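Understanding the architecture of this molecule
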Amino acid sequence: MNLCDIREIRALLSRHGFRFSKSMGQNFLVAGWVPREIAAASGADGAHGVLEIGPGIGCLTRELCALAGQVVSVELDKALLPVLAETMAGADRFTLIPGDILKLDVPALVDQHFQGLTPLVCANLPYNITTPVLRVLASCGRFEAMTVMIQREVALRLAARPGTGDYGAFTVFMQYYSQPEILFDVPPDCFLPAPKVTSAVVRCRMRQTPAVSPACGQDFFFRTVRAAFAQRRKTLANSLASVFGLGRERIAGAISACGLSPTVRGEVLGLEELANLADRLWEMTGEQNP
């Protein structure tokens, strides 16, 4: 069965009485080159275990099973379980887990299914859960790399540089844990139904250690990052003052002490600059001595 042939897809879905769910962001691939390219870009081979989220009808899943030592796919939509039972029948080294990836213990799942293998993520992520899923997967510390197809708009945010319109708190989060790289775009006509936006495939090579190691710790660092980007039209001093309660003048002094302009805006700061600023604020708030 060709899982990227529109006629065969329609016949398959009709046999199982399946209807697309807008709320689950379901868009199935109908261009065979796309799952082949995604699977190849993942770098999966017999030494890798691959976690896939949202396998749909299994077109990418099949490609991954042909490469990897083990593939585990997590599918939320119960209506797709019998479809996958048909399309993945007889597949070697494949496990289907019904459930919500955001409610599963991902490290435990990886430890259980990928013993002796190097874990990867490779998936056509549902649009509606892209950001929370990437947060969970990036921060769990289990994967060598993540290769995912997502909305191009989100891909641009992941790979953005300081001072650009796409750069934001989520950029900093992902670049703290990984090195994102946009590989290629996928136009809407490669999907059924066709989405209204262009997609992009991104590979995030996970860092062995975070990009920065602020003395204030991870929680305070990300608290500072969120505050820095919370009100983009305001100067950094004003944005931080409203969160940390130190007063604008003291905040401006901390910013200047970091070698930055008192009128600087948060979106121009790189990770090192944000880490230095977070440490300065941490000292000023006294939170290092609770």
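Here, every reference points to the structure presented above.
First things first, this report covers the structure right here in the doc. (Residues numbered from 1 in each chain as written. Predicted model: local features only at pLDDT ≥ 70, side-chain atom pairs only at ≥ 80, totals over all residues. Heavy atoms only, no water.)

1. With respect to the state of the cysteines
Note the following rule: Cysteine sulfur atoms that pair up within 2.5 Å are treated as a disulfide.
One pass over the full model with this rule turns up zero disulfides. Free cysteine: C204, not disulfide-bonded; nearest cysteine sulfur from C122 at 12 Å.

2. Considerations on the sheet that holds strand β3 (residues 70-75)
Just so we agree on the cut-off: In this analysis, strands are considered paired if DSSP registers two or more bridges between them. The helix count covers DSSP runs of H or I at least four residues long, the strand count covers runs of E at least two residues long, and both are numbered beginning at the N terminus. Note on geometry: axes are lines fitted to C-alpha atoms, helical ones only across the stretch in contact, with angles between N-to-C directions running from 0 to 180 degrees. Contact between two residues is taken to exist if any of their heavy atoms lie within 4.5 Å; hydrogens are not considered.
Strand order in this open sheet of seven strands is β4-β3-β2-β5-β6-β9-β7, and the pairing throughout is mixed. Each end of this open sheet is capped by a strand with a single partner; those strands are β4 (94-98) and β7 (178-186). Averaged over neighbouring strand pairs, the angle between their axes works out to 20° when direction is ignored. Note: strand β2 (residues 48-53) against β3, five bridges, orientation parallel. Residue I53 lies in a different strand from β3, and its bridge partner there is V74. Across the sheet, helix α5 (residues 106-113) touches β2, β3, β4 and β5 (118-124), and the angle it forms with β3 is around 145°.

3. Things to note about the pattern of salt bridges
Heads up, the condition is: Any Lys or Arg side-chain nitrogen found within 4 Å of a carboxyl oxygen on Asp or Glu counts as a salt bridge. For every residue, the accessible area (1.4 Å probe, protein chains only) is compared with the maximum for its type, and the residue is labelled buried under 20%, exposed over 50%, or partly exposed between those bounds.
Across all of its chains, the model carries five salt bridges by this definition. Its salt-bridge partner being R7, residue D5 comes within 3.7 Å of it at the nearest N-O pair. For R7, a relative accessible area of 68% corresponds to the exposed category.

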